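Descriptive structure summary
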Amino acid sequence: MNATTLLALIATLLGLSCSNVGDATTVTQRRFPNDFLWGVASSSYQVEGAWDADDKGESIWDHLTHNFPEKIADKSNADTTSDSYHQWRQDVQMVRQLNVNIYRFSIAWPRILPTGYMNHISNKGIKYYSNLIDELLRYNITPMVTIYHWELPQRLQELGGWTNPEIIPVFKDYARLLFELFGGRVKIWTTINEPWHVCEHGYGVDYMAPSYDYPGIPSYLCGHNLLKAHAEVVHMYRNEYQAKQRGKIGITLDVSWPEAKTNSDEDKEASERAMQFYVGWFGHPIFSKRGNYPQVMIDRIAGMSKEQGFTRSRLPSFTLEEIHLIRGTSDFFGINSYTTNLVTPNGHNNTGNFRIPSYNHDMGVVEEQDPEWPGSGSPWLKAVPFGMYKLLMWIKREYNNPPIIVTENGVSDKGGLEDYARVDYYNSYLTSVLDAIEEGANVKGYIAWSLMDSFEWKAGFTEKFGLYHVDFNHPDKIRTPKVSAKVFAKICETNVIDWHYRPQVDPIVIMNARRSASGASINLACLSTVLLSLLLVNLMRR
Ligand code: NOJ
């Protein structure tokens, strides 16, 4: 018996741990294909901190959190957050301990180009990412870089951000610089993370920076420019870099699976329409055979725009040349998905209480969730694994079975190391991924969100998604593995989902985490556990 096992045993005897063993009726072991890729993810604004270190420029999230703190649940910002700008070596060790093949992270545009433009290139910013990439490669971990995970330089926002077509050449310059600097070492790129969020939540409603709250028009302009910018970058990569750098490039879309509320034709139609509005908006132009926006979006938005007195559709149209330019510009289908909604059409005459015009009114689908579904630390996120299976099968059918990478999946809670609910979530969602693989979906990899607790956008620090706990009150932002980190590490090592594997947290680790969270007050129960443990360990050594 080693010391760790002994400590765990003692903890069990003292009733300090709480492993509620998995449902005995579940199949206990499922195996992924041998070449399946495992990864873990983070994003620059959420983990780096050092918001104004060296010559970094202001991003739209710096701007939003500093000027409108009331828009963030706990009025916080990511000025320091998990401090990965300084703790990156430790981050890599954490990634290593998870036994993953891939670390997916993003580059902060204003850290590399403080003004957004090429007139000012930050050597310090470059050095940071260069070091991170080298450190990952040292341990055989593949860096997967997201070029844009929501950190637009504020100066570009002042020009209209993604609603201004000027963004296209500027984004291309930024991407070119990244290929030049890092392309020799980075073999998987994604251009943009979750375009739907960037456009609808950034411009249509007041949810994400830049917080426009201007429904029905700018989100479609954003989508239009974003698709062209993405396509230009992919063509540039393919024409000028791919042959020598031998990497892959793609995009990451997102959706919560829209399950028809009932078996009625109307609800099934609402589900399909929601998929086309959420995924098809960006997916159809890139992944479908025909290209262009989904016909249902083109028709509905044109029809409603006309009724509303607009002279042309609020959804801009592509030229034939642009349709060809965008079609086929992704080497894989990156998908982020966390939950499921129940959907039904928005009344017979689309007369619900949506704002008019708006994206939601254009889509005409009402979403809700079953209160019986298991919840999480986020109001929008319920654990409904069948949604993941249905989503992967939909992508397979709709886009001719493309290679898929689940680029994000995970669950939030309110904190703590004994996150057995997260363990259940991963086991059940991975089971659904495996079901889809076994039915022919070409899923190549799965990337857990997230490596560590971090700034969760509008929710601030009130929702935790990490496999590693971060003590945000401690100056060193101490990281501690949660139970889920051990379980995920085992899955990545063995390729097997094992419902019976529910390890416990060492009492010393719990005690340290509690101590650092509460300043320094030592919990007496923990102290006695540790003293007893040390005594027994000493006895064993003799
Ligand atoms: C998707 C986003 O890419 C990520 O930044 C966010 O933290 C997770 N969803 C969870 O909300």
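Residues numbered from 1 in each chain as written. Predicted model: local features only at pLDDT ≥ 70, side-chain atom pairs only at ≥ 80, totals over all residues. Heavy atoms only, no water.

**Some words on the confidence of the model for the protein**
Overall, the predicted model of the protein reaches an average pLDDT of 92, with 89% of residues at or above 70. Counting interchain partners and residues more than four positions distant, the pLDDT-below-50 stretch residues 1-25 has 36 contacts. Predicted confidence for residues 520-542 stays below pLDDT 50, and this span has 22 contacts to residues more than four positions away or in other chains. (pLDDT = per-residue confidence, 0-100. Contact = heavy atoms within 4.5 Å.)

**Side note on the site of the ligand**
As a structural note, the neighbourhood of the ligand is formed by 13 residues, with Gln46, Asn193, Glu408, Glu456 and Trp457 the closest of them. Contact distances for the ligand include 2.9 Å between an oxygen atom and a side-chain N or O atom of His149. At 3.4 Å, a side-chain N or O of Tyr338 approaches a nitrogen atom of the ligand. Considered on its own, the ligand offers 300 Å² of accessible surface; in the complex 95% of this is hidden by protein. Spatially, the ligand is embedded in the largest pocket. (Near = heavy atom within 4 Å. Polar contact = N/O pair within 3.5 Å; in protein donor to acceptor, adjacent residues only side chain to side chain. Areas by Shrake-Rupley, 256 points an atom, 1.4 Å probe, with all protein chains shown as cover. 1 Å grid on protein atoms, 1.4 Å probe; cavity = no way out; pocket = protein on both sides within 12 Å on 5 of 7 lines; lining within 4 Å. Sits in = over half its atoms within 2 Å of the grid points.)

**Re the pairing of strand β12 (residues 443-449)**
The element β12 is largely enclosed, with a buried count of 6 among its 7 residues. Where strand β11 (residues 404-409) and β12 come together, 4 bridges link them in parallel fashion. Counterpart to Ile404 in the pairing with β12 is Val443. With respect to chirality, the unit in which β11 leads through helix α16 (residues 420-438) into the neighbouring parallel β12 is right-handed. (Buried < 20%, exposed > 50% of the residue type's maximum accessible area, 1.4 Å probe, protein only. Helix = DSSP H or I, 4+ residues; strand = E, 2+ residues; numbered from the N terminus. Pairing = 2+ DSSP bridges. Right-handed = clockwise from strand over helix to strand, strands pointing away.)

**Quick word on the environment of Ala274**
Counting through the fold element by element, Ala274 comes out in helix α11 (residues 265-287). Overall, Ala274 belongs to the buried group, its relative accessible area being 0%. Remark: the alpha-carbon pair of Ala274 and Thr344, spanning 70 residues in sequence, is separated by 9.6 Å.

**Looking at the sheet that holds β12**
Ordered by their spatial adjacency, 8 strands build a closed barrel running β2-β3-β4-β5-β6-β8-β11-β12, and the pairing between neighbours is parallel. Ignoring strand direction, the axes of neighbouring strands in this sheet form an average angle of 25°. Inspection of the sheet shows strand β4 (residues 142-148) paired to strand β5 (residues 188-193) by 4 bridges, in the parallel sense. Its bridge partner lying in β5, Tyr148 is registered against Ile192. Set on the sheet, helix α8 (residues 167-182) makes contact with β4, β5 and β6 (248-254); between it and β4 the angle comes to about 160°. The sheet contacts of α11 involve β6 and β8 (333-336), and relative to β6 the element is tilted by about 155°. (Axes fitted to C-alpha atoms, helices over the stretch in contact; angles between N-to-C directions.)

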